[in-house]
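Examining the three-dimensional arrangement
What follows is each chain in one-letter form.
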Amino acid sequence: KPNQHDANWVINFTYLVCPLDRDQIKFPQFINVLKGEMSVVGPRPYLLREKEDMGYAYNSIINCKPGVTGMWQTHGRSDVSFEERLDLDDYYYRNWNFWLDVTLLIKTIRIVIHGSGAK
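Residues numbered from 1 in each chain as written. Predicted model: local features only at pLDDT ≥ 70, side-chain atom pairs only at ≥ 80, totals over all residues. Heavy atoms only, no water.

Some thoughts on the pattern of salt bridges
Side chains that differ in charge, positive against negative, can pair when their charged atoms come close. Note the following rule: The term salt bridge refers to a side-chain nitrogen of Lys or Arg lying within 4 Å of a carboxyl oxygen of Asp or Glu. Each helix is a run of H or I in the DSSP string that is no shorter than four residues. Each strand is a run of E no shorter than two, and both are numbered from the N terminus. Per-residue accessibility, obtained with a 1.4 Å probe over protein chains only, is compared with the maximum for each type, and a residue is labelled buried under 20%, exposed over 50%, and partly exposed between these values.
Within this structure, the stated rule accounts for 2 salt bridges. Measuring nitrogen to oxygen at the nearest pair gives 3.6 Å for the salt bridge that ties Lys-35 to Glu-37. A salt bridge links Asp-90 to Arg-94, with the shortest nitrogen-to-oxygen separation between them at 3.0 Å. Placement of the pair is Asp-90 and Arg-94 together in helix α5 (residues 82-95), with a separation of 4 residues, close to one helical turn. Arg-94 sits in the exposed class, given a relative accessible area of 54%.

Pasting the structure below:
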């Protein structure tokens with residue numbers, strides 16, 4: 001079982017090797033992808049306290065595996081309201097296809113390289 005020291009080492013390693021937009025790169029979450037608990041692309045996880053506020057989008061969003069990156073990260077992140085985030089994630093669920101994931105991955109790479117999107 002990982003301890004706090006292990007977690008700090010992974011975080012510090014990420015900062016050392018990734019002088020890019022560190023908010024966008026969630027290296028430890030790739031372990032969850034390998035374990036099958038997350039997807040590379042999909043809605044970011046929501047907080048439990050947000051469940052009631054999710055309304056119409058709740059059922060579609062919980063049918064998706066959470067992702068390391070997704071519509072919210074590539075469409076403004078901090079500039080997107082909660083309702084817009086729900087719309088983006090609902091759109092992803094209803095319109096998912098291979099090319100949508102490819103497009104979102106390319107956009108994520110551009111954001112990471114240019115350091116945009118995080119505030």
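Describing the confidence of the model for the protein
The criterion, for reference: Per-residue confidence from the predictor is reported as pLDDT, which spans 0 to 100. Residue contacts follow a heavy-atom distance rule, with two residues in contact if any of their heavy atoms lie within 4.5 Å.
Looking at the protein as a whole, the pLDDT averages 79, with 75% of positions reaching at least 70. Within the protein, α5 carries the highest mean pLDDT (94), whereas helix α1 (residues 4-17) carries the lowest (43). Low confidence marks residues 1-24, where pLDDT is under 50. Its contacts with residues over four positions away, or in another chain, come to 24 contacts.

Re the nonpolar core
A general feature of soluble globular proteins is that nonpolar side chains tend to end up buried together. Where we set the bar: In these notes, a set of buried Ala, Val, Leu, Ile, Met, Phe, Trp, Tyr and Cys residues joined through side-chain atoms within 4.5 Å is what counts as a nonpolar core.
In this structure, Val-41, Cys-64, Met-71, Val-80, Leu-88, Tyr-92, Leu-100 and Leu-104 together form the largest nonpolar core, which totals 8 residues. Among the secondary structure elements, those contributing two or more residues to this core are α5 and α6 (98-114). Those residues within four positions of Tyr-92 in sequence are excluded, and the remaining contacts are Val-41, Gly-42, Pro-43, Cys-64, Met-71, Leu-100, Asp-101 and Leu-104. One finds Tyr-46, Met-54, Ala-57 and Leu-86 within the second-largest nonpolar core, a separate group that totals 5 residues.

Describing the side chain of Asp-90
This is how it is decided: Each polar contact in these results corresponds to two N or O atoms within 3.5 Å; when the atoms are within protein, one needs to be able to donate a hydrogen and the other to accept it, and residues that are neighboring in sequence are counted only if both atoms are side-chain atoms.
When its relative accessible area of 11% is taken as the criterion, Asp-90 is described as buried. Among the polar contacts listed, one links the side chain of Asp-90 to the side chain of Ser-60, at a separation of 2.5 Å. Leave out the neighbours within four places in its chain, and Asp-90 touches Tyr-56, Ala-57, Ser-60 and Ile-61.

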